[in-house]
Structure formats: C-alpha cells, structure tokens
Amino acid sequence: MAQNYQYCVAECWGKGFITHDDSSSFQISGFPGNVWQVPANNRKANIWINGIAGVRKTHPEAQAIVDGIIQAAQAEWDAIPADDPRKIQGNPSYRPRPEVIVLPQ
Amino acid sequence: MSTYYGIFGGRVNYVSSDPSNPITGQVWYNYTSAALKVRAVSTVGTVASGGNVNSARAHLSGAGTQTAAFIAGGDQPGGSGTQSITELYNGTSWTSNPTGLGTGKRFVVGTGTQTAGMAATGYNGSSYTATVETFNGTSWSPSPNMNNARSVGGMAGPNTATLYYGGEPGTTSLSEKYNGTSWTSTPQLNTGRYYMGGMGGAGSNTAALAYGGSTPPSTQTELWNGTSWTNNPTGLNTGGQQISGGGTQTSLVALGGDGRGSNIEIWNGTTWTSNPNSLSTGRRAAATSGFGNSSDSMTATGYNPSPSVTSATEEYTGPGVAQTKTVTVT
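Nothing here was measured: the structure is a model prediction, and the numbers come from that model. (Residues numbered from 1 in each chain as written. Chains lettered and ligands numbered in written order. Predicted model: local features only at pLDDT ≥ 70, side-chain atom pairs only at ≥ 80, totals over all residues. Heavy atoms only, no water.)

A. Here's a closer look at the overall build of chain B. Across its full length, chain B holds one helix and 27 strands. Dimensions of chain B, computed from C-alpha atoms along their principal axes, come out at roughly 70 × 45 × 35 Å. Counting across all 330 residues of chain B, residues that qualify as buried make up 54%. Long-range pairs, those at least 24 residues apart, make up 51% of the contacts in chain B between residues at least 6 apart in sequence. As presented, chain B carries roughly 11,800 Å² of accessible surface, and 51% of it is formed by carbon and sulfur atoms. (Helix = DSSP H or I, 4+ residues; strand = E, 2+ residues; numbered from the N terminus. Buried < 20%, exposed > 50% of the residue type's maximum accessible area, 1.4 Å probe, protein only. Contact = heavy atoms within 4.5 Å. Areas by Shrake-Rupley, 256 points an atom, 1.4 Å probe, with all protein chains shown as cover.)

B. A look at the sheet that holds strand β3 (residues 35–39) of chain A. All names here are of chain A. An order of β2-β3-β1-β4 is seen for the four strands of this open sheet, with the pairing classed as antiparallel. On the outer flanks of this sheet lie β2 (29–31) and β4 (55–57), each paired with one strand and no other. In this sheet, adjacent strand axes meet at a mean angle of 35° when their direction is disregarded. Note that strand β1 (residues 5–9) and β3 share five bridges and pair antiparallel. Its bridge partner being in β3, Cys8 is matched across the sheet by Trp36. Where helix α3 (residues 59–78) meets the sheet, it contacts β1, β2, β3 and β4, and its direction lies at approximately 100° from that of β4. (Pairing = 2+ DSSP bridges. Axes fitted to C-alpha atoms, helices over the stretch in contact; angles between N-to-C directions.)

C. Broad picture of the interface of chain B and chain A. Every contact between the two is made by 40 residues of chain B and, on the other side, 32 residues of chain A. With both chains or domains summed, chain B and chain A bury close to 2,700 Å², and 47% of this area falls on carbon and sulfur atoms. At the boundary of chain B with chain A, the tally comes to one salt bridge. Residue Lys15 of chain A pairs with Glu315 of chain B through a salt bridge whose shortest N-O separation is 2.7 Å. Viewed at the interface, chain A and chain B are joined by 13 residue pairs in polar contact (both at pLDDT 80 or more). Listing elements by their share of the side of chain B that touches chain A, those giving two or more residues are β4 (46–50), β26 (313–317) and β27 (322–327) of chain B. Counting residues per element, the side of chain B that touches chain A draws most heavily on β4 of chain B, at five residues. (Buried area = accessible area lost by both parts, 1.4 Å probe. Salt bridge = Lys/Arg side-chain N within 4 Å of Asp/Glu carboxyl O. Polar contact = N/O pair within 3.5 Å; in protein donor to acceptor, adjacent residues only side chain to side chain.)

D. Looking closely at the environment of Lys44 of chain A. For Lys44 of chain A, the position within the fold is in helix α2 (residues 43–51). Contacts of Lys44 of chain A, omitting those with residues within four sequence positions, involve Asp21, Ser25 and Phe26 of chain A together with Thr326 and Thr328 of chain B.

E. Main features of the nonpolar core. Counting 19 residues, the largest nonpolar core has Tyr165, Ala208, Leu209, Tyr211, Trp229 and Trp272 of chain B as its most contacted members. It is strand β17 (residues 208–211) of chain B that contributes the most residues to this core, four residues altogether. Not counting chain neighbours up to four residues away, the residues in contact with Ala208 of chain B comprise Ala156, Leu163, Tyr165, Met199, Glu222, Leu223, Trp224, Trp229 and Gln249 of chain B. By size, the runner-up hydrophobic cluster in this structure holds 13 residues, among which are Cys8, Trp36, Val38 and Ala45 of chain A. (Core = buried A, V, L, I, M, F, W, Y, C linked by side-chain atoms within 4.5 Å.)

F. Seen up close, the confidence of the model for chain B. Looking at chain B as a whole, the pLDDT averages 94, with 99% of positions reaching at least 70. Interface confidence in the predicted complex, given as ipTM, is 0.91; pTM for the same model is 0.93. (pLDDT = per-residue confidence, 0-100.)

G. Local environment of the pattern of salt bridges. All names here are of chain B. Inspection of the entire model under this criterion finds eleven salt bridges over all chains. For the salt bridge of Arg193 with Glu222, the shortest nitrogen-to-oxygen distance reads 2.9 Å. Taken as a pair, Arg193 in the loop between β16 (183–186) and β17 and Glu222 in strand β18 (residues 221–224) lie far apart in primary sequence, 29 residues in all. Just as Arg193 is buried, Glu222 falls in that class too.

H. Spatial organisation of α3 of chain A. Residues and elements named next belong to chain A. For α3, which comprises 20 residues, the first-to-last C-alpha distance of 28 Å matches the rise-based estimate of 28 Å (1.5 Å per residue) to within 8%. Among the residues of α3, those classed as buried are His59, Ala62, Gln63, Val66, Ile70, Ala73, Gln74 and Trp77. Down the axis, α3 shows its buried residues gathered within 105° of arc, on one side only. Facing away from the buried side of α3, by more than 90 degrees, are the exposed residues Pro60 and Gln71. Lining the buried residues of α3 we find β1, β2, β3 and β4. (Expected span 1.5 Å × (residues − 1). Arc of directions from axis to C-beta.)

Take a look at the structure:
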C-alpha cells in the first residue's frame, strides 16, 4: 500500500528545528515520544529529516512509540483518585483521559 | 531559454552565509548549505520552532512579543500544585529569571510586555485570588488587587490600561478595567466563560476580544468597545478553550487549544478564517493571555498530550511577511 507519510524520531532542540521555510513547504506534525510525521516521497521533507538527524521509523515502529507514551499517560491518569479535581468535568483542573492516537499510513 | 542573467542582468551571488538583511526578491546560493535561496513574501501564515522553555508546564501566564516575552507561574508537574518560576525569551532562547512571582499560582493570566508585564488572579494552592503582580523585566511587585477573586479569564492591554474578563469559579461573566491605579467593575460579558483565548499586550481595555472558552468548548466571539460587550454574528470555525495567540480587536491569531488541536485561525475584525498551515504540535493550556499580534505571535509550553507537557515554543508569522525560502530544483 502506498505510504502517504513517513516518520522519524528526533528531539526538538528549539530554535531552528522547524523553520518557516520548512513549514511552508510541507506539513510537519509532532506526536508524543518525539515522533515526527512528514509527507512521504517529498524531497524537502527528506532533507529536513536528514538535517535534524532524525532516526527514520516505519509506521508500526512509530505507532508503537506513540502507543507506549499514551498508555503510560493513561495509566498515570487512571491512578488519579476519582474525587481529584483533575477528574471532575467542569472543574478548570479537569483533564480528559489521554486518547489513543492512530498515526495515518 | 530565459536565464536569471537574461532577466535580471546579474548572476546569482554565491555566498558562504545568508545575507543579514536581504530584500524581497533577492536570490542567492549558499554554498555552505548547498541551497539556492530567495527572500519571498508568504501568502499564508507559517510556524517555526522557537527556543524550548526550561521548565515545561501548563496553566501559566505569559505575554510580550516573539523577541521579548515572559512566562510565569503554572502547574507543578502532574497537573497540581503551584509554582512561581519566571522565564524570559529573547527570540532565540528562554532564560530562567532569578526571581519568580511573589506567590506561586496556577491558572494565572498575563499581559503587557517583558519589561512592563502583569500576572493577575489564579489559584494559589488553597483558594482563588484577586491578587495582581507587575513585572519590570527583573522582578515582580504587588499591584492593586482586582475586585473579584478568580482565574483563567481573558486579558487584554498593557499593564497600566488592562481589561480582565470572565474566568472561574463557575463561568463568570464579570469584567474589570485597570487604569494604572485601581480596578473598576465594568459591564459583563454576554456569556460567562473561562479559558477564553486572550489578546496579550497588543489588546486594549477599550477594544478587546473574547473568543472561545468553556464550558463546553465554545466558538463564541464577543467584542468590547470600552462600554459594552457585543456578540459577533459568527464565531471560531473550530470551538475550543485554552487557546494561545495574540493581537488586537481587528487583527488577531488563535493558536491551538483544547478541542482545536493544532488549528490556527485568523481574526480580521469581523470573521475567523482557518489558516492552511497548522502548529506542528497541538497543545492546550499554554502560556496565556497572549503574545505579539496577528503577524508575529507564538505559543509556549502547555499540555500535549495531557498529562504530558511540552517544552516547545512555536512562533507564528502571518502572511505578507518576507521570509527566506529554499528553492528546490529538480
């Protein structure tokens, strides 16, 4: 099946990690676990991955990284007592349970 | 076949580094990075990474510009507790300020500039407060209290002519105006909300905008003319709360937010338009009330995903601003 996206892992170091030139040329989307998604078969995206020293990941590998982070966040959320403001809807401290993220192919 | 030389009467300059002040339309080849570059005007808003904050957190105050901003207060890691940590941004990196807020607070809201900032209201760990502190670029000082204790309202204007509107507990519609000496209650919002998007120092206490907010995540937009709030006929295209951004009542950018992910929308004084490009990292509860204006705003730290916090800053540059672009030749 044709891949619309490619994935890599890289830690955002701050200024210069993504430039205006990058974001105006192709869409860059960040996910938990320092996973970055860019279009497949895109020359500028390939240059960007090389420039940030991104470690390329297959779709299943990237999905597994994101799943691990989300599952840990869900476990942390589940451990919060039910009467904690963070679990009471309508309270400003309320935070929804982290949702599963499905990375597109 | 047309050539660059034939059209412009000159050859492309070969340089080791990008020119410091290129003019729009200027083309050069950077042989260090092996890239052909051009100074061009973007037709849509774009984002770029800014410096990472030193202390990632959420529910904090922040204001200033892309090149001179502050953030202060917020949650402790895990989403509870309070902190007073203040950091300063110089356009490249965040530096921890030696002194923090006088009182650690979360759900605190900021406005003004890096050298004339304000952090108002918030939760101090035991109660909501009406306390206000002002920042001179170095340290925080107590300022006259607001009339009503609360948190996570919207805020607009410099720290001597400020408007604070909405917030919680509850979904209050209370508004107050500061004249540099004291706070005065003003006519209320039409719809009480908290976690609204803010304006930051570019706003005004005579021309403010209240957009989005809770509960539930709203699209509603109201305009303040110095006397009363008016509902705008149309709202955000995507409703949300805890939105970052900044600007004026006639030109403002909304960045991300709960329910909005990485969405960017532009306000022109009448309607909201979705920007084709989005943030690279969707987030909520980032520093608020806002930074810069519709042509150069930013968002810093915040939840992504809850309960994780990101240290990333993203800088937004609006359409019509000249930027250096790399030309891809195949």
